[in-house]
Amino acid sequence: MSPSVLICDDSNMARKQVLRSLPEQWRTSVQTATNGAEALTILRDNSVEVLFLDLTMPGIDGIGVLQGIQKLKLSCSVFVISADIQPEMQSKVKALGAKEFIRKPVKPDVLINYLQQHGLL
Amino acid sequence: MNEFHLTEDQQDCLQELINIAMGQASDQLARYLDTFVYLKVPSIESVAAKELIEALNQQQNTMAVVSQGFFGYEGIRGEALLVYQDEDSGRIADLLGYEPDELSQDEQLIDISSILTTTFLNVFARQIDNQMSYNAPKLLPSVQNSLSEHLQQMTFNWDLALKVNINYQVTDYSFNCNMILLIPETAIINIKKVLDRILAEF
């Protein structure tokens, strides 16, 4: 069974990069959001199980989404996928509940490996 | 004439390549300054050669420009300009925390510019299967007239400038600088081909 997935990134190309890195059986149940506000709306109304989240976005950014998830006490697994690779940012997102920090551009083997590590595959 | 007209997909692809390059450049800058660098989404615009010279000449408070040439394969080459505003120069010196006699303010600006330029371009080049080499960076003396002279004396004909507006905020400080990439038409055509090749993979 494939979990319900949300991909949040302001770049169309980046969303596609995540999509094609996903296990094939997962790709049928994917929603997308182009900014943090959209993502929070979807998260609130649906039962998203796995969220792939960009950080640097206009408006509500990835940090804002992570804070929103904490506030709403949602239980989805969040994987941050970002170009902002500073060590301090990596620890910050983990402190805010993200399972992993994955550097852009995302590679399929790396993503699959993390999903396995967290028992999602 | 604007050879750099991009489709929506090409623009999105270029923006993402630039975001990734910017992210790694900020990481290098953060390590160098031993602090955290807050990064905003950089905005990109393309400017025709003539318009750029006019715009830069009108910019009264430009205080410093550091210029560095770059060369890759397949005709991808150009000149990267980092343009700083007057009010930011002192802050950069504060940030770097050099002792007054250690390095001059000019040398600090050159250092920081070269870190940003070479990291940015290395990462950008790697993503498009290219590799860059660089000239030594140089600070243009007393900007006002020398900038347009410098632009006119470039060793290659550049047709278009890709202007990346970068805003760095470093904890208590913030400074803005523009990174302007001057590139010849052959390089523009090549970059578009590469963008299409990347897009075709999806």
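Look up: the structure comes first, before these words.
What counts as what
Residues numbered from 1 in each chain as written. Chains lettered and ligands numbered in written order. Predicted model: local features only at pLDDT ≥ 70, side-chain atom pairs only at ≥ 80, totals over all residues. Helix = DSSP H or I, 4+ residues; strand = E, 2+ residues; numbered from the N terminus. Buried ≥ 20, exposed ≤ 12 C-beta atoms within 10 Å, placed from the backbone. Contact = placed C-beta atoms within 7 Å. Pairing = 2+ DSSP bridges. Axes fitted to C-alpha atoms, helices over the stretch in contact; angles between N-to-C directions. Core = buried A, V, L, I, M, F, W, Y, C linked by C-beta atoms within 7 Å. Parallel < 35°, antiparallel > 145°, perpendicular 65-115°, else oblique. Left-handed = near helix turned anticlockwise from the far one by under 90°. Nonpolar A, V, L, I, M, F, W, Y, C, P; charged D, E, K, R; others polar. Right-handed = clockwise from strand over helix to strand, strands pointing away.

J.: Go over the overall build of chain B with me, naming the residues and quoting the values.
T.: When helices and strands are counted, chain B shows six helices and eight strands. When the helices and strands of chain B are listed from N to C terminus, the series reads α-β-β-α-β-β-α-α-β-β-α-β-β-α. Among the 202 residues that make up chain B, the fraction classed as buried is 40%. For chain B, contacts bridging at least 24 residues in sequence account for 74% of all contacts bridging at least 6.

J.: Before we move on, can you summarise the overall build of chain A with the specific residues and values?
T.: Each helix and strand counted, chain A has five helices and five strands in total. Overall, the C-alpha framework of chain A stretches about 30 × 30 × 25 Å when taken along its three principal axes. Residues classed as buried in chain A amount to 40% of the 121 residues present. For chain A, contacts bridging at least 24 residues in sequence account for 62% of all contacts bridging at least 6.

J.: Just give me the short version of the sheet that holds strand β3 (residues 50–53) of chain A, but keep the residues and values in it.
T.: Residue and element names in this part refer to chain A. The strand order across the open sheet formed by five strands is β2-β1-β3-β4-β5, and the pairing between neighbours is parallel. Strand pairing shows two members of the sheet lacking a second neighbour, β2 (30–33) and β5 (100–103), which therefore form its edges. Between one strand and the next, the sheet's axes are offset by a mean angle of 20°, whatever the strand orientation. Inspection of the sheet shows β3 paired to strand β4 (residues 77–82) by four bridges, in the parallel sense. By the bridge assignment, Leu51 is partnered in β4 with Val78.

J.: Tell me about the nonpolar core, and please be specific about residues and values.
T.: Core analysis: the largest hydrophobic core is formed by 86 residues, its most contacted members being A:Leu6, A:Cys8, A:Val80, B:Ala21, B:Leu82, B:Phe120 and B:Met179. Per-element tally for this core: the top contributor is helix α1 (residues 8–33) of chain B, with 10 residues. In contact with B:Ala21, other than residues within four places in its own chain, are B:Phe120, B:Val123 and B:Phe124.

J.: For the packing of helix α2 (residues 36–45) of chain A against helix α3 (residues 62–71) of chain A, give the residues involved together with the corresponding values.
T.: Residues and elements named next belong to chain A. Between α2 and α3, the shortest axis-to-axis distance is 9 Å and the interhelical angle comes to 20°. Classified by the angle between their axes, α2 and α3 sit roughly parallel to one another. Once α2 is placed against α3, the crossing between them reads as right-handed. Listed contacts from α3 to Gly36, Ala39, Leu40 and Leu43 of α2 are Gly62, Gly64, Val65, Gly68 and Ile69. Of the residues contributing to the contact of α2 with α3, the split by class is five nonpolar, four polar and no charged.

J.: I'd like a rundown of the pairing of β5(A), residues and numbers included.
T.: Residues and elements named next belong to chain A. As defined by bridge partners, β4 adjoins β5 across four bridges and the pair is classed as parallel. Considered in β5, the bridge of Val80 is made with Phe101. With helix α4 (residues 87–95) bridging β4 and the parallel β5, this β-α-β connection has right-handed handedness.

J.: So, the interface of chain A and chain B: which residues are in play, and what are the values?
T.: By a widespread convention, an interface's size corresponds to the accessible area lost as its parts come together. Counting from both sides, the interface comprises 16 residues of chain A and, opposite them, 17 residues of chain B. In terms of residue count, helix α1 (residues 12–21) of chain A provides more of the side of chain A that touches chain B than any other element does, five residues in total. For the side of chain A that touches chain B, the class distribution of residues is seven nonpolar, four polar and five charged.

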